[in-house]
Amino acid sequence: MDKAFSPAEIESRLYARWESLGAFKPNGVGPAYSIVIPPPNVTGTLHMGHAFQDTIMDALIRHRRMQGCDTLWQPGTDHAGIATQMVVERQLNAQGIGRIDLGRAAFIERVWQWKRQSGGIISNQMRRLGASVDWTRERFTMDTDLSNAVAEVFVRLFREGLIYRGKRLVNWDPVLKTALSDLEGVSEAEQGSLWHLRYPLADGSGYVVVATTRPETMLGDAAVAVHPQDERYRALIGRSVRLPLADREIPIIADDYADPKFGSGCVKITPAHDFNDYEVGGRNGLPMTNIMTPEAKLNDNVPPAYRGLDRAAARTKVVADLEALGLVDRIEAHELLVPRGDRSQAILEPLLTDQWFVKIAPLAAPAVQAVEQGRIRFVPENWSAVYFEWMRNIKDWCISRQLWWGHRIPAWYDEAGRVYVGKSEAEVRALHGLADGVALRRDEDVLDTWFSSALWPFSTQGWPEATREMSVYYPTSVLVTGFDIIFFWVARMIMMGLKFTGDVPFREVYVHGLIRDHDGQKMSKSKGNVIDPLDIVDGIGLDALLAKRTTGLMQPQMKPAIERATRKQFPQGIAAFGTDALRLAFASLATQSRDLRFDLARVEGCRNFCNKLWNAARYVMMNVGGAEFGLADRWIRSRLATALARAEEGFAAYRLDLVASALYDFTWHEFRDWYVELTKAVLQSDDASAAQKRGARMTLVGTLETLLRGLHPLAPFITEEIWQRARAAAGERGETIMLAPYPRAADLAADADAERQMAWVQQFILGVRQIRGEMDIAPSRKIDVVLQNAAAADLGYLAAHSKFLQRLAGIASLRVLEPGAPAPVSAAALLGTLEILVPMAGLIDPAAERERLEKRRRRAETDLQKLHAKSANADFARNAPPEVVAKDRARIAELQIEIGQLETQAARVRALLAE
RNA sequence: GGGUGCUUAGCUCAGCUGGAAGAGCGUCGCCUUUACACGGCGAAGGUCGGGGGUUCGAUCCCCUCAGCACCCA
């Protein structure tokens, strides 16, 4: 084995081997355990969030596979309608080609080309992360069979009346020129104005003042509303105003929507351009006059002077014209929420258009129940509150998009505009007896991408056919996802799954946090703080990193700031840490927090851990050429059982951070720091018997091999690589660690006696080391140790374990003082009543030792005082559990002895100093 | 306005049902001890955001205040 662990060499080799062994496929026996991957954008690339999520899923899958489950991790990608169409359209524009010029069929062909060209990138990146998905089952949301499932669902929902088409107010993106769902708009507070406008009363008896943030829409006003209880305006209800500029008469109505405390208390009602006004208009039977084109310019429903003006220009002109008429009462600064499209960043316009909707309430009710009844469990539990909150207020889902890339809506229209829905034109004709001569025109729109995503858990398993996969792997075991898509995806999968399969799509939803940068900022291209996970695996130089972060910026003016920040954070670029280190870092990050700050130092620590494991294995392999199991052997097995039990608990609770820390702590601080060092006292000793050496060797390799299996789900590569070398010595067979059994704590017994004895050994060694460390005694300098007040038990342990003490504490000689014999002036450590003395002569500065003793005594006295105060309270003895009281008493006794001994020692040192 | 979180060592975070405060990184000291300097040994560092309450006992439960973050309207 090489001196240092070098991940690059082993990773691709091992992954290829696993894949060729078919180790990723379900084995067909054992209980089913399945996870569907949240399908990434087919033309996208892997970001830190994917890498984190994939690590979690892979760890869960590998763990279950090793436990003998029939494990399926279903991979695939999403066609990502808007996102992908935008990318390809931008490419075309760069070549001076417009989408419309190209035509629908040719454009779609270009998208498919782009998909073929770039679609493999993310899959290959997942391979680098070690993701053990079954690649033979990879699916794409626009595959024929998945598209068929989409059509099937659409047709069935339509026939049940759960999909309808209608003219409704929707969020319209005037740049992309498509409708969006409520979820695809992001509202942010922006600084704007509140215009107070005077609307003259129709009878000429004065005016009312209305306050609005969007004066340009006044041309589409249908009414002015006041609150029915608002005394100021009660007399006006039922009268009308003369709408300026438009020169129309509109009524003054009473509606609760008008807020007496906001503005003037009068509010203009523009039903076709505001969601609240739409409701008011509906309640009051107002006309809905659309005054905008799909580009958000004013249309022919406004006076000629305003036609064709863009929203912003129209605002300027309307305000100017009103001012000229003396109808602007005042203008005040006002912060308002501006809704923008999450893709285009365009300000969304509420627009009346014909769209397709899913009637959601009948689907939501059972989906709420499934969580209430525990058929689906959120982890952590509190996310179900977020889910309920949204589901109880859910609105109908606008599913049509005016795009080309996606599942085209399976609806046809005849010349009279009658709509026919079916899986194909042929089916529609047959069903409705439409002769070939009747012209049918297919709906131009495609479905919201999330419509097909909602079917993912069953469309990937062959639904609507009754496949073997459906019966075995559905419902899936757990969905692993970020909280940001609970509404977009999780809720919709639950609704669709229940509706079409009669069962939940997954039994648990593990909601993890979102990866942020070191300062808690969201990682984004525009902020220039993204890290490509593979750059952590392979490393990247500073120049390449700078180039990556600063090319193709939407806002090129950010470039210097991004460069500066990058240079400061990564002066040397990023070193190659390897996949296992990255995965271990991700695992330890998988706490229950919702914001997870990514810290490269953590990866470095995990890389160091890999190297430590590697070198511990080197030591083990050097020593297995060839029983009697000694204390250390028994002890490490007992500790391994504890570590495995902790790991097991972590897996059960989706706490990979706890799994990681249990195994990390064991590996480094028990196996490495103690056991490996203890075996040196056996293996490198002429006194130890062949049987003892053999016991140590067997335990070394056995513990290592078990540990590797325990760590495999988190660090698949290094564990496989070492396992391949160690398995023969450990007597294990099998092609790959991937398919070896996951170790169970229950197979190893706790050994209380070994732990008790080892605790004595450890405390002895730590006592001596503390003196050495604080007195700056070089490790190479072996020291003499004298023991005073040794009890019978101490003498027994000493006889049995002195080899360990000498080796690990750097002791040259150990001498037990006869009772009453004079002790040399020494530095002292305490172990119960036993005093471990390191003679000072020529080695230790008495003043330093006095300091050290003082410090320890102060600490002991502080503890003692606290305990005394506690036990002095009569209620404590009365109310606290007896074992707690007893424990405190024992501790008090210990501390009293300790303080006494420390004082005696201090007196000796003082005497020496006084000489 | 409604909702959900968070505040623990210099930094990033654990701390399970209330019973002597932990890790990683960083810092300081000693050290080429033949698996590992991507290392070994030792050490320093916290009134667990403030205040109040419940309890024999609170980082943990309750109330309140402050600050931060996110979601919904």
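Scroll up for the structure.
Just so you know, these numbers come straight off a predicted model, no measurement behind them. (Residues numbered from 1 in each chain as written. Chains lettered and ligands numbered in written order. Predicted model: local features only at pLDDT ≥ 70, side-chain atom pairs only at ≥ 80, totals over all residues. Heavy atoms only, no water.)

**Here's the deal with the overall build of chain A**
Keep this limit in mind: Helix and strand definitions follow DSSP, with helices as H or I runs of at least four residues and strands as E runs of at least two, each counted in order from the N terminus. Here the globule rule reads 2.2 Å times residues to the power 0.38, and the radius of gyration is calculated from C-alpha atoms. The buried label applies to any residue whose accessible area, calculated with a 1.4 Å probe on protein chains only, is under 20% of its type's maximum; exposed applies above 50%, and partly exposed to all values in between. For the purpose of charge, His is not counted, nor are the chain termini; Lys and Arg are scored as positive and Asp and Glu as negative. Every charge is mapped to an atom, namely NZ of Lys, CZ of Arg, CG of Asp or CD of Glu.
Across its full length, chain A carries 30 helices and 29 strands. In terms of overall size, chain A is more extended than a compact globule, its C-alpha atoms giving a radius of gyration of 37 Å where 915 residues would be expected to give roughly 29 Å. Its C-alpha atoms give chain A principal-axis dimensions of roughly 120 × 65 × 60 Å. Going through the 915 residues of chain A one by one, you find that 53% of them count as buried. Of note, chain A has its 112 positive side-chain charges centred 3 Å away from the centre of its 114 negative side-chain charges.

**Side note on the protein's contact with RNA strand B**
Where we set the bar: Any residue with a heavy atom positioned within 4 Å of a molecule or strand is treated as near that molecule or strand. Here a polar contact is taken to be a pair of N or O atoms separated by no more than 3.5 Å, where protein atoms must pair a possible hydrogen donor with a possible acceptor and residues adjacent in sequence count only if both atoms sit in side chains.
Around RNA strand B, the structure places 49 residues, and the nearest of them are S593, K612, N615, R672 and R891. Each atom of RNA strand B within 4 Å of the protein was assigned to sugar, phosphate or base; sugar and phosphate come to 66%. The separation between a phosphate oxygen of RNA strand B and a polar side-chain atom of R655 is 2.9 Å. Within the side chain of N879, an N or O atom sits 2.9 Å from a phosphate oxygen of RNA strand B.

**Description of the sheet that holds strand β6 (residues 178-180)**
As a reminder of what qualifies: For two strands to be treated as a pair, DSSP must find no fewer than two bridges joining them. Residue contacts are defined here by distance: any two heavy atoms, one from each residue, within 4.5 Å place the two residues in contact. Orientation is described by axes fitted as lines to C-alpha atoms, over the contacting stretch for helices, and by angles from 0 to 180 degrees between their N-to-C directions.
Taken in spatial order, the four strands of this open sheet run β6-β5-β14-β16, and their pairing is antiparallel. Of all the strands in the sheet, just β6 and β16 (397-398) have a single pairing partner and so form its edges. As paired elements, strand β5 (residues 163-173) and strand β14 (residues 349-358) share ten bridges and run antiparallel to each other. Bridged to Y164 within β14 is F357. Its contacts with the sheet place helix α8 (residues 275-284) against β5 and β14, and it is angled at close to 140 degrees to β5.

**Quick word on the pattern of salt bridges**
A pair can form between side chains of opposite charge whenever their charged atoms are brought close. Let me state the cut-off plainly: The term salt bridge refers to a side-chain nitrogen of Lys or Arg lying within 4 Å of a carboxyl oxygen of Asp or Glu.
Counted according to the given criterion, the structure contains 66 salt bridges. One salt bridge connects R891 with D863, and the closest N-O pair in it is separated by 4.0 Å. With R891 in helix α30 (residues 882-914) and D863 in helix α28 (residues 846-872), the pair connects residues that are 28 residues apart, well separated along the chain. For R891, a relative accessible area of 31% translates into the label partly exposed.

**Description of the side chain of E349**
Of note, E349 is situated in strand β14. Taking relative accessible area as the criterion, E349 reaches 1% and is therefore assigned buried.

**A look at the side chain of T217**
In this fold, T217 is placed in the loop between β8 (207-212) and β9 (223-226). T217 gets classed as buried once you look at its relative accessible area, which sits at 4%. Only 2.7 Å separates the side chain of T217 from the side chain of K268, close enough to count as a polar contact.

**Considering helix α2 (residues 48-66)**
Definition in use: Take the residue count of a helix, subtract one, and multiply by 1.5 Å to get its expected span.
Taking 1.5 Å per residue as the helical rise, α2 with its 19 residues ought to reach 27 Å, and the 27 Å between its terminal C-alpha atoms agrees with that figure. Of all 19 residues in α2, 17 are buried, a share of seventy percent or more. After α2 finishes, the residue G68 shows a positive phi value of roughly 95 degrees.

**A closer look at the packing of aromatic side chains**
The test is simple: Ring pairs shown here join Phe, Tyr and Trp side chains whose ring centres sit within 6.5 Å, with only the six-membered ring taken for Trp; geometry is labelled stacked below 30 degrees between planes, edge-to-face above 60, and tilted in between. Each ring is checked for a lysine NZ or an arginine CZ that lies within 6 Å of its centre and within 35 degrees of its normal; such an atom marks a charge sitting over the ring.
Applying the stated criterion across every chain yields a total of 32 aromatic pairs. A centroid spacing of 5.7 Å and a plane angle of 50 degrees characterise the contact between F586 and F598, whose relative ring orientation is tilted. Taken together, the residues F586 in helix α20 (residues 579-589) and F598 in the loop between β25 (595-597) and α21 (600-623) connect sequence positions twelve residues apart. A residue is classified by how much of its surface remains accessible, and F586, at 1% relative accessible area, is buried. Overall, the relative accessible area of 4% leaves F598 in the buried class. These aromatic residues form a ring-pair network of at least three members: F154, F158, W356, W397 and F451. Over the ring of W674 we find R769; its NZ or CZ atom is 5.2 Å from the centre of that ring.

**Focus on the environment of A272**
Relative to the helices and strands, A272 is located in the loop between β12 (267-269) and α8. Measuring from C-alpha to C-alpha, the distance between A272 and T289 comes to 5.8 Å, with 17 residues separating the pair along the chain. Each residue touching A272, except ones within four places of it in the same chain, is listed here: L169, M288, T289, N290, P350, L351 and L352.

**Overview of the pairing of β14**
Judged by how many residues are buried, β14 sits mostly within the fold: nine of ten residues are covered. Pairing of β14 with β16 involves two bridges; the strand directions are antiparallel. Among the inter-strand pairings, V358 is bridged to a residue of β16, identified as W397.

**Notes on the packing of helix α3 (residues 81-94) against helix α5 (residues 104-118)**
A pair of packed helices is characterised by two quantities: the angle between their axes and the separation of those axes. What counts is decided by this rule: Angles are sorted into four bins: roughly parallel if under 35 degrees, roughly antiparallel if over 145, roughly perpendicular if 65 to 115, and oblique for all others.
Between α3 and α5, the shortest axis-to-axis distance is 10 Å and the interhelical angle comes to 100 degrees. The pairing of α3 with α5 is recorded here as roughly perpendicular in orientation. Touching T84, Q85, V87, V88, E89, Q91 and L92 of α3 are F107, R110, V111 and W114, all from α5.

**Here we look at the nonpolar core**
For the record, the criterion: Here the nonpolar core consists of buried residues drawn from Ala, Val, Leu, Ile, Met, Phe, Trp, Tyr and Cys, with membership extended through side-chain atoms lying within 4.5 Å.
I536, F598, F671 and F764 are the most contacted members of the largest nonpolar core, which totals 141 residues. Counting residues in each nonpolar core, the second largest holds 61 residues, with V36, F451, F458 and M470 among its members.

**What to know about the sheet that holds strand β15 (residues 377-379)**
As summarised here, the arrangement of the three strands in space is β15-β23-β22, forming an open sheet in which the pairing is parallel. Only two strands of the sheet have a single partner each, and these edge strands are β15 and β22 (476-482). The sheet shows a mean angle of 20 degrees between the axes of neighbouring strands, taken without regard to direction. In the sheet, β22 pairs with strand β23 (residues 506-512) via six bridges, with the strands oriented parallel.

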